[in-house]
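Remarks on the overall topology
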Amino acid sequence: MTPSEEHYVTMETTREKSTEELREMARDYNSVYLHKLIFPCALLAAGSVIEMTEKVLQGKLPSGVTVVRPPGHHAVTEKCMGFCIFNSVAIAAKVAIDNHNISRILIVDWDVHHGNATQEQFYDDKRVLYFSLHRYDNAMFYPKSTAAGPTHMGGVSAKGYNVNMAWSGKMMGDPEYLAAFHHLLLPIASEFNPELVLVSCGLDAAKDDPLGRYHVSPVGYAHMTHLLRGLAGGKMVVAHEGGYNLKSISESMAAIVSVLLGDPLPCLPDKMVPNDDAVDCIRAVVSAQIPYWKSLRIFGSVGAKEMQYFDNSPDFEEPESHDQTQESRDRSGDVGGASGGNEDIGDSLLSNLREMAIGETMMFAVTPKSDCEHLTTLSPKPLPPDIASHRCEECNEEREPWVCLQCHHVYCGRYVNGHMLGHSGGSAHPLAISLADISVWCFLCDSYIHHPSLTPAKSSVHLSKFGEHPSSGQQH
């Protein structure tokens, strides 16, 4: 959170205190280490995230990374906690709103601990969608608060704008995090349509971290970063938060930076199956959020009884029904009608994920096909140099444009107005490339495709978007 004047002045006094006085002072806080340089370090951390955010918003950089310490997402307005002094990401978000007229910011927090301060700062603010993926263990993992549970969805004026992907049970890794991305984060974030993405990049969910004890690999972090690049026109700032294994931190951050520089995405393992506990946790969050996001209505309709089964928080509140607020009706549509009225969420999400586990199949859109019989339809002509600036030729929509790789016409995606889907069906042109995340989809195979023959098209789009070749990262 943005610090109060009293908290700022208190931290400023650390510069003049002795080691013993700092130890005594630290006892007044929850898990904080203080030393003579903590105040200037915290100022540099917050200032670095602010400066990087402004450079991205001003178009001077397409995206950016800040390797800073101390972290920030536990620091509330009036005090520090959890090794955090000032909440750098929250402060940067406020600067973007106040100084750059940004009205839609997505904050993704994949630190293994819940970002209690970031949630508190924006809990009743619809300009910020806060999505946290964290170890919860039924409020037994730090910061040990039921406020980190899935039924805490935002204040009265911002229901649905706080999403807690709260993990409990087995240790989670790549399959579980990517399942949450595809079933929750990406549908909600696409509907929110952010102008800026800020990442609270704690790396303590990484494999071999002694505190988090989760198993997210560098490849997993690379794929999560890649998926976020398709939002906000690629405007993204990654700010380092927690992490307690230097090897894990180094390898994971290197993978993240590599993706932002446009290097080829590393392949995931052949089988990506989320564990049963993760399926239950995802189900709980979908249950909580489904009244507020129409992008989740494919999962059916659930009530308070099912939600309570997955969250034992004493302060559980049933979400407002569609009859309670006009905004709910506008944003969610007729959720019950879309599923037949009483279909349990397990009939869609639960069966989908668990059938994959039983059949040991690959996980939905995470792993693309390595070959496609329709690659012979690729046009030999290069894409136009300004292709990244093109909009849908039917509706002039700038969101989620796709380029047909046979005729090079540009149309919007199926989750906007569906004109590329219509074009492919009418023309029998099967392959298209996304101008958002530079992925290639085959409409006849109904799958993403990753093949060497697609490299020229991907490189052309990357060069058009970022002004550099993905293989070299050099400016042109």
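The structure presented is a predicted model; accordingly, all values stated were derived computationally and were not measured.

Secondary structure assignment for the protein chain yields 15 helices and 11 strands. Per-residue burial over the protein chain gives 54% buried out of 476 residues. The contacts in the protein chain between residues at least 6 apart in sequence include a share of 71% that link residues at least 24 apart.

On to the nonpolar core, then. Of all hydrophobic cores here, the largest spans 59 residues; its most connected members are Trp110, Leu133, Met165, Trp167 and Leu185. Grouped together as the second largest cluster of nonpolar side chains are 22 residues, Ala90, Ala93, Ile97 and Ile105 included.

This paragraph deals with the pattern of salt bridges. Here the structure, examined in full by the defined rule, presents eight salt bridges. With its nearest N and O atoms 3.9 Å apart, the salt bridge here joins Arg23 to Glu20. Separated by three residues within a single helix, Arg23 and Glu20 lie in helix 2 (residues 19–26), roughly one turn from each other. The class for Glu20 is partly exposed, based on a relative accessible area of 47%. With its nearest N and O atoms 3.0 Å apart, the salt bridge here joins Arg127 to Asp125.

So, about the sheet that holds strand 9 (residues 431–434). Pairing in this open sheet of five strands is antiparallel, and the strands run 8-7-9-10-11 from one edge to the other. Edge positions in the sheet fall to strand 8 (410–412) and strand 11 (447–449), since each of these pairs with one other strand and no more. Across the sheet, the mean angle separating the axes of adjacent strands is 40° when strand polarity is ignored. Bridge count between strand 9 and strand 10 (residues 440–442): three bridges; the pairing is antiparallel. Opposite Ala432, over in strand 10, you have Trp441 as the bridge partner. Strands in contact with helix 14 (residues 419–427) are strand 7 (401–404), strand 8 and strand 9; relative to strand 8, the strand with the most contacts, it is inclined by about 125°. Against the sheet, helix 15 (residues 455–466) engages strand 9, strand 10 and strand 11, with an angle of about 30° to strand 9.

A word on the packing of helix 6 (residues 174–192) against helix 7 (residues 218–228). Helix 7 packs onto helix 6 with a crossing angle of 10° between their chain directions and a minimal axis gap of 10 Å. Considering their axes alone, helix 6 and helix 7 lie roughly parallel with respect to each other. Two secondary-structure elements touch here, helix 6 through Asp174, Tyr177, Leu178, Phe181, His182, Leu185 and Leu186 and helix 7 through Gly220, His223, Met224, Leu227 and Leu228. For the contact of helix 6 with helix 7, the residue count by class is eight nonpolar, three polar and one charged.

Each value, and the rule that gives it
- Residues numbered from 1 in each chain as written.
- Predicted model: local features only at pLDDT ≥ 70, side-chain atom pairs only at ≥ 80, totals over all residues.
- Heavy atoms only, no water.
- Helix = DSSP H or I, 4+ residues; strand = E, 2+ residues; numbered from the N terminus.
- Buried < 20%, exposed > 50% of the residue type's maximum accessible area, 1.4 Å probe, protein only.
- Contact = heavy atoms within 4.5 Å.
- Core = buried A, V, L, I, M, F, W, Y, C linked by side-chain atoms within 4.5 Å.
- Salt bridge = Lys/Arg side-chain N within 4 Å of Asp/Glu carboxyl O.
- Pairing = 2+ DSSP bridges.
- Axes fitted to C-alpha atoms, helices over the stretch in contact; angles between N-to-C directions.
- Parallel < 35°, antiparallel > 145°, perpendicular 65-115°, else oblique.
- Nonpolar A, V, L, I, M, F, W, Y, C, P; charged D, E, K, R; others polar.

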